[in-house]
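The residues making up each chain are set out below.
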Amino acid sequence: MATINITDTDLQKSAHQFRKELLLMPIIAAEATLQHMTGRPGVAGRETVGQLSGNIEIAPYNASRVDMTGVKIVPRTLETFLGSVVKKFDLNEAAKTVYGSLITQGEALTGLDLAHQILNYLSGQLGQNLNLSLWKAKRNDSGTKTIDLFDGFDTITEKEITDGNISKDNGNFLQLTDDIDENSAFDILMSIYENADDNLQSVPTKLFVPVKVYRAYNKAYLNTFGSVQYNKEFNKTFLEGTDNLCEIVPLVSKRGSDYIHLTTKTNMLYGYGDGLDAEKLAIEKHHEFLLSFVATMFFGVQFETISKERLFVAKLKQA
């Protein structure tokens, strides 16, 4: 470490040079969850999304017949919010942390390399809390945490249930009456899938569950099928009996969630700025020994549609 000299000026230059790349690091760091969703870059504020609906079909020849039924979009709003952070840090401590983790991999480092890696490290730290907030976040204008920045998927779901838009009558909701454990998990997850609309069952889907539900399913699978080879493909685990159409996605960020979501990857939207002008990333020095990592970025999530053809929600049994 003594052979590499790095200064706050090096960091400031690197922050300017790699600004757009570094602003994407929180998104990359949340990849464990976001890989199962669809990104919308360049969203600052509100963007109208939605499902195109309407019908067209061929019928016996008739020169005077004209289909006058309309095609419409049921609109939803993907809203991103501008978040900010100012984090003071010790350059020497950050350098030791990053240098130590990289040198064990046998990588030769220059001062510029190290500056870049330190900034990657700091930007990536933002992604950890972003990942944990994707479901349970609830917008609070005066909040101080990532969980206060935007409305997460569970928060949106709860509101739509309250408003009656996600309901049994609409065909996109099921209230579970039994606990999910190692004896019941297989049957319950299958019942969720089988209660979904036929259109949803006919396309590749994701079943978003808490990790404890996934573990219960694994045990239930073993109890049901014994030592039969588990259904895996490229490290994906599919719900048995769905012809590999339904991938079970266990997420740490789903811990404590009241909901299980069955939907498509394209229906799960997350918006981010992708380096828009209003986004900022800089290193500033206002202290003799400490530097400030300053960043602003846009982020938000939304379902493209909550129609039964694209989304089915099950609510866990309440204690």
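Everything that follows concerns the structure shown earlier in this document.
Cut-off values and rules
Residues numbered from 1 in each chain as written. Predicted model: local features only at pLDDT ≥ 70, side-chain atom pairs only at ≥ 80, totals over all residues. Heavy atoms only, no water. Helix = DSSP H or I, 4+ residues; strand = E, 2+ residues; numbered from the N terminus. Salt bridge = Lys/Arg side-chain N within 4 Å of Asp/Glu carboxyl O. Buried < 20%, exposed > 50% of the residue type's maximum accessible area, 1.4 Å probe, protein only. Expected span 1.5 Å × (residues − 1). Arc of directions from axis to C-beta. 1 Å grid on protein atoms, 1.4 Å probe; cavity = no way out; pocket = protein on both sides within 12 Å on 5 of 7 lines; lining within 4 Å. Points joined across faces, edges and corners; volume = space filled by probe spheres on them. Nonpolar A, V, L, I, M, F, W, Y, C, P; charged D, E, K, R; others polar.

Visitor: How should I be thinking about the environment of Gly 256 in this particular structure?
Guide: Along the chain, Gly 256 turns up in the loop between strand 9 (246–251) and strand 10 (259–263). Between the alpha carbons of Gly 256 and Pro 210 there is a distance of 7.5 Å; along the sequence they are 46 residues apart.

Visitor: So what exactly am I meant to see when it comes to the pattern of salt bridges here?
Guide: Proximity of charged atoms lets side chains of opposite charge pair with each other. Applying the stated rule across the entire model yields 11 salt bridges. In this structure, the salt-bridge partner of Glu 79 is Arg 46, at a minimum N-O distance of 3.5 Å. Pair noted here: Glu 79 is in strand 3 (residues 72–79) and Arg 46 is in strand 2 (residues 46–53), with a separation of 33 residues, a long-range link. Overall, the relative accessible area of 25% leaves Glu 79 in the partly exposed class. The class of Arg 46 is exposed, set by a relative accessible area of 66%. The residue Lys 206 makes a salt bridge to Glu 247 at a minimum N-O spacing of 2.9 Å. Placement of the pair is Lys 206 in strand 6 (residues 205–210) and Glu 247 in strand 9, with a sequence separation of 41 residues.

Visitor: How should I be thinking about helix 10 (residues 211–225) in this particular structure?
Guide: Helical geometry note: an α-helix holds 3.6 residues per turn, so side chains three or four residues apart project in the same direction. Taking 1.5 Å per residue, 15 residues should reach 21 Å; helix 10 reaches 21 Å between its end C-alpha atoms and fits that length. Within the sequence span of helix 10, burial applies to Val 213, Tyr 214, Ala 216, Tyr 217, Ala 220 and Tyr 221. Buried residues along helix 10 cover an arc of 160° about the axis, so they all sit on one side. Turned more than 90 degrees away from the buried face of helix 10 sit Lys 212, Arg 215 and Asn 223, all of them exposed. Phi turns positive, to about 65°, at Gly 226, one or two residues after helix 10.

Visitor: Whenever I open this one, empty space enclosed by the protein confuses me. Can you help?
Guide: Over the atoms rolls a probe the size of a water molecule, and its path tells where empty space is left. Scanning all chains against the criterion turns up 1 cavity of 30 Å³ or more. Counted as a void, the largest cavity has a volume near 30 Å³. In this structure, the largest cavity is lined by Leu 23, Leu 24, Ile 27, Tyr 272, Gly 273, Asp 274, Gly 275, Glu 279, Met 297 and Phe 298. Classifying every residue of the lining of the largest cavity by side-chain character gives 6 nonpolar, 2 polar and 2 charged.

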